[in-house]
Amino acid sequence: MLQFLSFSKKKIGNSLSIYIKTNTGNTLSVDLDPTWDIKNVKELVAPQLGLDPGEVKIIFAGKELGDSITISECDLGQQSTLHAIKITKKPPPVSPLIEESDEGKPLCETLNDRSFSNDDTQPPSGTKVHFFVYCPTCKGLKNGKLRVRCHFCKSGAFTVHADPQNWTDVLEPKQITGLCENGAEFCADILDNREPTFADFYFKCSEHTSLGEDDEAVPLYLIRPNLKDVPCLACADVNDLVFVFPCEGGHVTCLDCFRQYCSTRLRERQFWQHPEFGYTLACPAGCPDSFIKEIHHFRLLSENQYVQYQRFATEEFVLRSGGVLCPQPGCGMGILADPECTKITCISGCGYVFCRLCLQGYHIGECHISEDVNSTNNADCSYNVDPARAAEARWDEASKVAIKVLTKPCPKCRTPTERDGGCMHMVCTRAGCEYHWCWVCQTAWTRDCMGSHWFG
Amino acid sequence: MANIAAQRIRREFKEVIKSEEVAKCAIKVELLNDSYTELKGEITGPPDTAYEGGVFVLEIKVPETYPFNPPKVRFITKIWHPNISSVTGAICLDILKDQWAAAMTLRTVLLSLQALLSAAEPDDPQDAVVAKQFKENIEMFQMTARHWTNVYAGGPHVNKECDDKIKRLVDMGVEEHQARVALSSYNWDIERATEQIFS
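Residues numbered from 1 in each chain as written. Chains lettered and ligands numbered in written order. Predicted model: local features only at pLDDT ≥ 70, side-chain atom pairs only at ≥ 80, totals over all residues. Heavy atoms only, no water.

### Let's talk about the overall build of chain A
Turning to step 1, where the next piece is worked out: When helices and strands are tallied, chain A shows 10 helices and 25 strands.
Turning to step 2, where the next piece is worked out: When burial is assessed residue by residue, chain A has 43% of its 456 residues classed as buried.
Turning to step 3, where the next piece is worked out: For chain A, the exposed area adds up to about 24100 Å²; of that, 51% sits on carbon and sulfur atoms. (Helix = DSSP H or I, 4+ residues; strand = E, 2+ residues; numbered from the N terminus. Buried < 20%, exposed > 50% of the residue type's maximum accessible area, 1.4 Å probe, protein only. Areas by Shrake-Rupley, 256 points an atom, 1.4 Å probe, with all protein chains shown as cover.)

This is the structure in structure tokens:
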């Protein structure tokens, strides 16, 4: 259906290779000089469509571009797509609004000013502020570009009735109305003219050549340019880029401190399994209702830490759902089994068969903790080793013994817990458990514990 | 990574030094090493309390993960208070545990501890013996706390009666602090204290 027409023209230095999509289903590939204006583009494109330049309008990022705008003003990247539409009626019902407000400039220019959302501070004029995205192609935090398409038919040949004013307008669906120019009858059929069409905002990475219209990036909207020079909550430095927590006060940390905060909490397994958002964190100042909703922000962690984050998130989800984790070293497969069943087989993992209650190999009858550290690994050796020595020198066994000697399990969730000082009043550190228990009684913490053996 | 902690403590240290509380000699901090991981804090006993006139020394250890985790603080100076262990100096204060927030600082910690001295919370005790006395016999508690402040924190109120009772036990060969703890725990009843020590 798509038809690519190659365009022969003079090669110009630093030209932009651009696709122009028409509402007849054709795509033209053209090289544009950044100093050209839109009028030049129309003159170039119109003959290809069999039209006069005056009959064509160019749409990009939700706006019809005015004739006098130059290509370099449009924030176009290599391989971006412009939309060329034949003007059907004159004037189109929405264009006066746009033209009087911002003279047909592309959307991204006008929204830049609002990247600091929900307040009235304007950046100094002339600063070009980008959005920040996690780009799955470049694998990292990148500058992003705001783009818009029709909510219903996903066509980019779409003009908005108003600029988005804040992040809600951009992130929530159906906030801003617009006009879909992708063969109007197509969307009209869906909607039956009963409701207006809506803009659907999305983001692209501005640091790699566009791989097409589906090449999207995730907006990391809590990362913002520090236009107001707010010092970091943790280190008190003023940085160019900040992470603004979604709490009422909008607490700010620099990105380094955000990473430090995440890795500290990750190491202690103190992320929170939020029923809606997933495995996430709240504002480090302890504000209520401040969980980070877009968990792609944790992509700011290093690759290794992110892998750990994903593993913990999965484990936490399994445990929350009443499942168990395979206790075999190196396995850890999550298993969701019938809650009544105590004999668990790690079917899709290592195949280990174990008892749900004591997490040791499956047995019949009561659980008892095996004291025999020589029981495993009886493979033949051609030389003699003192079995007792060998047993002492085994790393895994040493860890097991250490865990057995130094820790006690939380009476509620069985997380092995070490007491490294302080009193006998323990609070389980596993996020979501937080059970108060007594190190001596290994039951819930009571006033009796307080009275009789607070310090042991 | 630990830079954040050190940098932050450096700033907080300056904040305390410049604060008006230091000007009034109510709080004080000192660095114990160059890496900003160990500090010595001092707070004075608040006026109109049993701790008035005393100077209480605190051990402050800053974890590498500061300010995302709280500093570890305990009393070096022995103190008789329901929320502070009379044995180890461990403190039971929510902001030093699960209620810690990254926006808090050394200054707010020291001021909170000073506030804890003026308003004990006997329902959330660290020291059950002290808490029991606080709730059942507030006069006795006040007297004991004042005596401890005098002996360990340089408070002005000498209590002749207490000193005499301790001396009697010391004469029997009991270590002085052990004698003071036993007497304090048994409302200065010398017979019960003796019984406890020699049982």
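### Thoughts on the packing of helix 7 (residues 176-185) of chain B against helix 8 (residues 190-198) of chain B
Residues and elements named next belong to chain B.
Turning to step 1, where the next piece is worked out: Running from amino to carboxyl end, helix 7 crosses helix 8 at an angle of 125 degrees, the nearest separation of the two axes being 8 Å. Classified by the interaxial angle, the pair formed by helix 7 and helix 8 is oblique. When the axes of helix 7 and helix 8 are compared, the crossing they make is right-handed. Residue-level inspection shows Gln-178, Ala-179, Ala-182 and Leu-183 of helix 7 in contact with helix 8, the latter providing Ile-190, Ala-193, Gln-196 and Ile-197.
Turning to step 2, where the next piece is worked out: Per-class residue counts for the contact of helix 7 with helix 8 are six nonpolar, two polar and no charged. (Axes fitted to C-alpha atoms, helices over the stretch in contact; angles between N-to-C directions. Parallel < 35°, antiparallel > 145°, perpendicular 65-115°, else oblique. Left-handed = near helix turned anticlockwise from the far one by under 90°. Contact = heavy atoms within 4.5 Å. Nonpolar A, V, L, I, M, F, W, Y, C, P; charged D, E, K, R; others polar.)

### Brief notes about the UniProt feature "active site" (unreviewed entry) in chain B
Turning to step 1, where the next piece is worked out: The UniProt entry lists Cys-92 of chain B under the feature "active site" (unreviewed entry), expressed in the numbering used here.
Turning to step 2, where the next piece is worked out: Here Cys-92 of chain B falls in the buried class, since its relative accessible area comes to 9%. (UniProt positions renumbered as here; feature names shortened; annotations may be inferred.)

### Side note on the environment of Leu-28 of chain A
Turning to step 1, where the next piece is worked out: Its place among the elements puts Leu-28 of chain A in strand 3 (residues 26-32).
Turning to step 2, where the next piece is worked out: As a C-alpha pair, Leu-28 of chain A and Ile-18 of chain A span 10 residues in sequence and 8.2 Å in three-dimensional space.

### Focus on the sheet that holds strand 1 (residues 27-31) of chain B
Residue and element names in this part refer to chain B.
Turning to step 1, where the next piece is worked out: Strand order in the open sheet made by the four strands is 1-2-3-4, with antiparallel pairing throughout. On the outer flanks of this sheet lie strand 1 and strand 4 (72-75), each paired with one strand and no other. Direction aside, neighbouring strands of the sheet carry axes that sit 25 degrees apart on average.
Turning to step 2, where the next piece is worked out: Two strands pair when backbone bridges link them, and strand 3 (residues 55-61) and strand 4 are joined in this way by four bridges, in the antiparallel orientation. The residue bridging Glu-59 from the neighbouring strand is Arg-74, located in strand 4.
Turning to step 3, where the next piece is worked out: Along the sheet face, helix 1 (residues 3-18) touches strand 1 and strand 2 (38-44) and points at about 140 degrees away from the line of strand 1. (Pairing = 2+ DSSP bridges.)

### Digging into the UniProt feature "domain: UBC core" (unreviewed entry) in chain B
Turning to step 1, where the next piece is worked out: Sites flagged by UniProt as "domain: UBC core" (unreviewed entry) map to residues 4-154 of chain B.
Turning to step 2, where the next piece is worked out: Within the segment residues 4-154 of chain B, helix and strand shares are 38% and 15% respectively, and the terminal C-alpha atoms sit 37 Å apart.

### Things to note about the domain arrangement of chain B
Residue and element names in this part refer to chain B.
Turning to step 1, where the next piece is worked out: In terms of domains, chain B is made up of domain 1 (2-118) and domain 2 (128-198).
Turning to step 2, where the next piece is worked out: For domain 1 and domain 2, the distance between their C-alpha centres works out to 27 Å.
Turning to step 3, where the next piece is worked out: With both sides pooled, the region where domain 1 packs onto domain 2 buries about 1400 Å², and carbon together with sulfur makes up 72% of that total.
Turning to step 4, where the next piece is worked out: Its largest share of buried area at the contact with domain 2, domain 1 owes to Ala-50, Lys-78 and Trp-80, together 55% of the area lost on that side.
Turning to step 5, where the next piece is worked out: Viewed at the interface, domain 2 and domain 1 are joined by zero salt bridges.
Turning to step 6, where the next piece is worked out: Counting every contact that joins domain 1 to domain 2 gives three residue pairs in polar contact (both at pLDDT 80 or more). (Domains from an automatic or database assignment. Buried area = accessible area lost by both parts, 1.4 Å probe. Salt bridge = Lys/Arg side-chain N within 4 Å of Asp/Glu carboxyl O. Polar contact = N/O pair within 3.5 Å; in protein donor to acceptor, adjacent residues only side chain to side chain.)

### Focus: the sheet that holds strand 8 (residues 140-150) of chain A
Turning to step 1, where the next piece is worked out: Spatially, 9-10-11-8-7-12 (chain A) is the arrangement adopted by the six strands of the open sheet, whose pairing is antiparallel. Of all the strands in the sheet, just strand 9 (158-160) and strand 12 (218-219) of chain A have a single pairing partner and so form its edges.

### Looking at the interface of chain A and chain B
Turning to step 1, where the next piece is worked out: Taken together, the contact between chain A and chain B spans 23 residues of the former and 22 residues of the latter.
Turning to step 2, where the next piece is worked out: The contact between chain A and chain B buries some 1900 Å² in all, and 57% of this surface belongs to carbon and sulfur atoms.
Turning to step 3, where the next piece is worked out: Along the contact surface separating chain A from chain B lie one salt bridge.
Turning to step 4, where the next piece is worked out: Run the count over chain A and chain B and you get nine residue pairs in polar contact (both at pLDDT 80 or more).

### So, the UniProt feature "active site" (unreviewed entry) in chain A
Turning to step 1, where the next piece is worked out: According to UniProt, the "active site" (unreviewed entry) feature falls on Cys-423 of chain A.
Turning to step 2, where the next piece is worked out: Looking at where Cys-423 of chain A falls in the secondary structure, it is placed in the loop between strand 23 (416-418) and strand 24 (425-427).

### Regarding a negative patch on the surface
Turning to step 1, where the next piece is worked out: A cluster of like negative charges, contributed by Glu-434 of chain A together with Asp-94, Asp-98, Glu-121 and Asp-124 of chain B, occupies part of the molecular surface.
Turning to step 2, where the next piece is worked out: Positionally, Asp-94 of chain B belongs in the loop between strand 4 and helix 3 (106-118). (Patch = residues over 30% accessible without salt bridge, like charges linked within 9 Å, V, L, I, M, F, W, Y side chains within 5 Å. Lys, Arg positive; Asp, Glu negative; His and termini not counted. Charge placed at Lys NZ, Arg CZ, Asp CG, Glu CD.)

### Observations concerning helix 3 of chain B
All names here are of chain B.
Turning to step 1, where the next piece is worked out: The terminal C-alpha atoms of helix 3 lie 19 Å apart, and with 13 residues this matches the ideal 18 Å at 1.5 Å per residue to within 8%.
Turning to step 2, where the next piece is worked out: When helix 3 is considered as a whole, its buried residues turn out to be Leu-106, Val-109, Leu-110, Leu-113, Gln-114, Leu-116 and Leu-117. Looking down the long axis of helix 3, one finds its buried residues gathered within 155 degrees of arc, a one-sided arrangement.
Turning to step 3, where the next piece is worked out: In this fold, the buried residues of helix 3 make contact with helix 1, strand 1, strand 2, strand 3 and strand 4. (Expected span 1.5 Å × (residues − 1). Arc of directions from axis to C-beta.)

### Remarks on the pairing of strand 10 (residues 177-180) of chain A
Residue and element names in this part refer to chain A.
Turning to step 1, where the next piece is worked out: Side chains of strand 10 alternate between two faces, with Gly-178 and Cys-180 buried and Thr-177 and Leu-179 left unburied.
Turning to step 2, where the next piece is worked out: Sheet topology places strand 9 next to strand 10; three bridges connect them, and they run antiparallel. Paired with Val-160 across the two strands is Gly-178, which belongs to strand 10.
Turning to step 3, where the next piece is worked out: Note: strand 10 against strand 11 (residues 197-205), two bridges, orientation antiparallel. Paired with Thr-177 across the strands is Phe-198, a residue of strand 11.

### Overview of the pairing of strand 3 of chain A
A regular strand carries its side chains on alternate faces of the sheet.
Residues and elements named next belong to chain A.
Turning to step 1, where the next piece is worked out: Within strand 3, five of the seven residues are buried, which leaves it mostly tucked inside the rest of the structure.
Turning to step 2, where the next piece is worked out: Pairing of strand 2 (residues 16-22) with strand 3, which is carried by six bridges, proceeds in the antiparallel orientation. Its bridge partner being in strand 3, Lys-21 is matched across the sheet by Thr-27.

### Let's talk about empty space enclosed by the protein
All names here are of chain A.
Turning to step 1, where the next piece is worked out: Scanning all chains against the criterion turns up three cavities of 30 Å³ or more.
Turning to step 2, where the next piece is worked out: A volume near 140 Å³ is recorded for the largest cavity.
Turning to step 3, where the next piece is worked out: In terms of lining residues, the largest cavity is bounded by 14 residues, among which Phe-60, Thr-81, Arg-147, Tyr-202 and Glu-213 are the most central.
Turning to step 4, where the next piece is worked out: Put simply, the parts of the chain that give the lining of the largest cavity at least two residues each are strand 4 (56-60), strand 6 (81-86), strand 8 and strand 11.
Turning to step 5, where the next piece is worked out: Grouping the amino acids of the lining of the largest cavity by side-chain chemistry returns five nonpolar, six polar and three charged.
Turning to step 6, where the next piece is worked out: Each of domain 1 (3-86) and domain 2 (132-224) gives at least three residues to the lining of the largest cavity. (1 Å grid on protein atoms, 1.4 Å probe; cavity = no way out; pocket = protein on both sides within 12 Å on 5 of 7 lines; lining within 4 Å. Points joined across faces, edges and corners; volume = space filled by probe spheres on them.)

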